Amino acid sequence: MDGIRNIGRIGALYVAITALFSCGNSDSNYEPLPKTVDFNFHIRPILVQNCYLCHGPDPSSRKAELRLDTYEGATAELKEGGFAVVPGKPNKSQLMFRINHEHEDKIMPPPETNSKLTQREKDLLEKWIKQGAEWKPHWSFIKPSVNEEDKNADIDLLINRQLEQKELVKAPLANKNTLIRRVAYLLTGLPPAPKDVEAYISDTSEDAYEKMVDYYLNSPAYGERWARHWMDLVRYAETKGHEFDYAITGAWKYRDYLIRAFNNDLPYDQLLKEHLAGDLLEEKRYDSETGILESQIATAFYAMGEGTHSPVDIKQDEANRIDNMIDVTTKTFQGLTVSCAKCHDHKFDPITAADYYAMYGVMESTRFTPLDADQSVSKELTAKEILDIHSYVKTTVTEKITEELSFQTASNTESNLDAVDGYKMIGDFRNADFDGWETTGLAFGDRTTLGNPIFQTPSGKLLSLEEGKASSKFFEPGAMGTLRSPDFILDSNFIGIRARGEQSTIRIIVDNFQLIQWPIYGGLTHSVSSAKWNNYKFNVEPWKGHKAYIEILPGNYDQHNFKLSPKAFIEAQYAISYDSEWPREVEASNKEKPSKDFSLDGIKAINAHIKNGRLKLQFPELVTAIDSSKKLSKPLKDGSIIYGVSDGSATDSPVFIRGRYQEPSEENIPRRFLSALPQGDIPFQSMGSGRLELAEAMLHGDNPLTSRVMVNRIWHHLFGKGIVETVDNFGLQGKLPSHPQLLDHLAIKFQDEGWSIKNMIKYIVTSETFKRSTSNDFDPSDKDPNNTYLASFPIRRLESEAIRDGILAASQSLDSTFYGPPIPTYLTQFMRGRGMPEESGPLDGAGRRSIYQEVRRNFLEPMMTTFDRPIPFTTFGRRDVTNVPAQSLILMNDPFVIQQSEIMAGKLLAQKNLSFDQRIEWIYMQMFSRKPTEKEIDNASQFMAAIEEMKDMDGADENRDLEMWKEYCHSIFNLKEFIYLI
């Protein structure tokens, strides 16, 4: 003990001497220490970089039982005595003693780690301890706030404050040509038209810039630009990948939904709710122009993941798909890497494995399903009107029959769900309801056909009452809808469904597996194309013990692409499970009948009376209503389908030990939000997935992440780098915000002003910070080499889509048509393999913008990939920006670029009586939104002379002018200014 005390005294003396010659050293060449040292922004980065590997949250690598990531751990007594951190007393803190020690056996971090603290880092630690050593939660888990002094601050004040602190000189404002090109590309992804450039330059009014910004914000091209940003987050693709690259039904409908949402400035909180739970919202949202139901289309983002057909381990396949859904959902909306907690508690962030499996249950309780992409207000009103007519007709007939008959027709006994005569009832549709099964869409109506009257026309003679069945032609064939059972555990060898129909399908969905096909899973689906009742038998013995549900729907899966014929319909009487032979008789489950309705036994008795002539009734007054109902049903037929989601049975998942589903924990984890965030400790009460509760938790007023993450994404797309550079990771391993006060200011403003994305963009682009030039006479490279503090506007390379679209715009070949199916991928001679489309698309993509070009996972467009459009497998909020030879080779050799160069040359030559200088001016305005300098015109003259000499040597006379100007246009496409915002 005396030795330890002596070491402590020596350490204290050493620390005091060091402090004397460090903090008090006026010759120190580092940035002055802050007045108040903040744990998040000054201390935690030092500890993460140098200490957490051995003294952090991971118990497997922790040494000396010392934990520095928590206050309790850092202030606990050490095994050898003393304390690592003594708040207020750096001279008694072993942490300071060890980091200032010189002996290699004592100094921390140890020499073998190759980490060494700078003098500034040591001084920060000392000052922090002296000020009380306050630990804080990670900055992103603290609710945004603004200091009283900054209540009226704006972007420029907060940016300029840090420039002054860093002694950086601001760049001047950019010229008008630069500004309109910058705004046009960043807001619409297209260059400004020359006429718009001239109009802006000639506008000398004080609000000329603001008017120009509004013009591009209100351009329909704005929605295309910002929808493409969002598509990076949700790994947008139109095919599943793997071997045969199967189509994702109607993916482009989701793309069009995004374009409309951004153009209509859909509030971000609504956008979030629609993505997570658009099918569950009580207040549905319809497009104001078309009346189409928009909110459910957003759920298609769940279905954008990759898909594997015929996996050997179907349960592992489910785990992989759900992991991807969790990863994309949490990165996109919360900026957190929750999937890192799949096998164990997150090593850095306060996210537990229990948090991960709480969300796993949400996704496991969600079902993929085809949806009517054109469901609308008018369709829903029509369906309601038809149901009202049916109800009126049925009530009229029922009352008349009741008057005629004096016997009671209902038998009220409980449904028997236990095994009877060797079978178990899974669903019985011969009564009035769907026996606990759920429907989506309109096709199956709101009940079975039990008791629906059948008339002879035109007399109105009652022929019979329908017996109960679930029918997708409740209105008319060709309507979209699905009928699904609750989840159940497969405990029998066979499942049987009594059904009939045309061009329809019955599927057994085991462990949420969708890509059902041979050689392994083909027996889990049956096509139904028979007008006669048949027993459809499924052998499920290989999957005993797995969870499953039954899906009955009109339409067929053609190579997993769902299609619905106008004649498609399906009807079902019941579903059973059994072990050997189909039972000779499946008795109906007599249930308590609804009021004013007949039971199944009563219907049979009435039909017997009608058949033997004891009950003769005519209803000529109902014929008109019946005809009206049939006419109204015609518009309900569907042809436009999207693959989205609906709710399934509430399922709480166990924790998979080490991420292995084969090792589940004994207890299930209730579905809920992340425990470290507000509302994260409240289990979801929904009898379905809980996705709506998840959305509400994310939008809770105290959630510190949702608004921060989105405003940071907006800033990133405008400046090329977010205030938090790691836009998808606000956790401990993400970057610290460069301007934390500005981030909080924007996050609070975003919420207070109704979550308007357009308003936030306008607020940012009308700031002086955004309008600065990229060039700065005062070189800030020494103090701020990465321009983190924005003394000037950062030079930015355009994204792949903007480069391609800019080429089409410059050559005046751009087709500005909006929406619609994707343009098939142009297949080069090198694009081969399984799943290859039968036909290639056009070289120029039909002149459509890049957002409308097909995104096939196995056949990605080379130009897009070369210029860093991400491969769609997870969230990519920040694209790589590379500078590789392949990009230059694309611009020099790609047939598309050469083709557009020739088209542009042809458009130039079509303008008669232009001088050489005027031709160069025309090209520069098309490509750079400015006029050329005299030097550039002189260079062009020299270039054309050289080209002409080459043509003379080649002896080429045909289309000589076109060839020469094509070469010049092609050379201009290769200038850096064309693909950069400078």
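Throughout, a residue's number is its position along its own chain's written sequence, starting from 1. The model is predicted, so local features are restricted to residues of pLDDT at least 70 and side-chain atom pairs to those at 80 or more, both for listing and for counting; the totals for chains, interfaces and linings are taken over all residues. Side-chain descriptors were evaluated using all non-hydrogen atoms of the structure, hydrogens and water having been removed beforehand.

1. Considerations on helix 2 (residues 39-50)
Buried residues are those whose accessible area, probed at 1.4 Å on protein chains only, stays under 20% of the maximum for their type, while exposed residues exceed 50% and partly exposed ones sit between those limits. The numbering of helices and of strands both runs from the N terminus, where a helix is a DSSP run of H or I of at least 4 residues and a strand a run of E of at least 2. All of the buried residues along helix 2 are F39, N40, I43, R44, I46, L47 and N50. Only heavy atoms matter for contacts: two residues are in contact if any of them lie within 4.5 Å across the pair. Residues of helix 2 that are buried sit in contact with helix 3 (52-55) and helix 6 (119-130). Whenever a nitrogen or oxygen atom comes within 3.5 Å of another N or O atom, the pair is scored as a polar contact, on the condition that within protein one atom can donate a hydrogen and the other can accept it, and that pairs from neighbouring residues in sequence are kept only if both atoms are in side chains. Among the residues of helix 2, the N-terminal cap falls to D38, whose side-chain oxygen and the backbone nitrogen of N40 are separated by 2.8 Å.

2. As for the environment of T788
Tracing the chain through its elements places T788 in the loop between helix 23 (768-771) and strand 18 (796-797). Sequence separation between T788 and H739 is 49 residues, and the spatial gap between their C-alpha atoms is 9.2 Å. Setting aside residues up to four positions removed in sequence, T788 forms contacts with K721, S738 and H739.

3. Things to note about empty space enclosed by the protein
Method remark: on a 1 Å grid restricted to protein atoms, a set of points is classed as a cavity if a 1.4 Å probe fits but cannot get out and as a pocket if it is open with protein on both sides within 12 Å along at least five of seven lines; lining residues have an atom within 4 Å of a point. Grid points are joined across faces, edges and corners, and a volume is the space filled by probe spheres set on the points. Summed over the entire model, instances satisfying the criterion amount to four cavities of 30 Å³ or more. Empty space within the largest cavity amounts to approximately 360 Å³. K240, R321, F368, N512 and Q514 are the residues nearest the centre of the largest cavity, which is lined by 29 residues in total. At six residues, the largest contribution of residues to the lining of the largest cavity is made by helix 14 (residues 314-334). Classes in brief: Ala, Val, Leu, Ile, Met, Phe, Trp, Tyr, Cys and Pro nonpolar; Asp, Glu, Lys and Arg charged; the others, Gly included, polar. Its residues assigned to classes, the lining of the largest cavity shows 12 nonpolar, nine polar and eight charged.

4. Focus on the packing of helix 10 (residues 208-217) against helix 22 (residues 757-765)
Only the contacting stretch of a helix is used when fitting its axis, a line to C-alpha atoms as for every element, and angles between N-to-C directions run 0 to 180 degrees. Two numbers describe how helix 10 lies on helix 22: the axes approach to 11 Å, and their chain directions differ by 145°. Where helix 10 crosses over helix 22, the handedness of that crossing is right-handed. From helix 10, Y209, E210, V213, D214 and L217 reach across to helix 22, where they touch K758, I761, K762 and V765. In the contact of helix 10 with helix 22, the residues fall into five nonpolar, no polar and four charged. In a left-handed crossing the near helix is turned counterclockwise from the far helix by less than a right angle, and in a right-handed crossing that turn is clockwise.

5. Details of the environment of T366
Tracing the backbone shows T366 in strand 1 (residues 366-372). By relative accessible area, which is 2% here, T366 ends up buried. Not counting residues up to four positions away in its chain, the partners in contact with T366 are N512, V645, S646, S689 and R691.

6. Digging into the nonpolar core
The biggest cluster of nonpolar side chains holds 161 residues, and the ones touching the most others in it are W230, Y254 and L718. Residues belong to a common nonpolar core when they are buried Ala, Val, Leu, Ile, Met, Phe, Trp, Tyr or Cys residues joined through side-chain atoms within 4.5 Å. Residues L490, A499, V510 and I552 belong to the second largest nonpolar core, which totals 36 residues.

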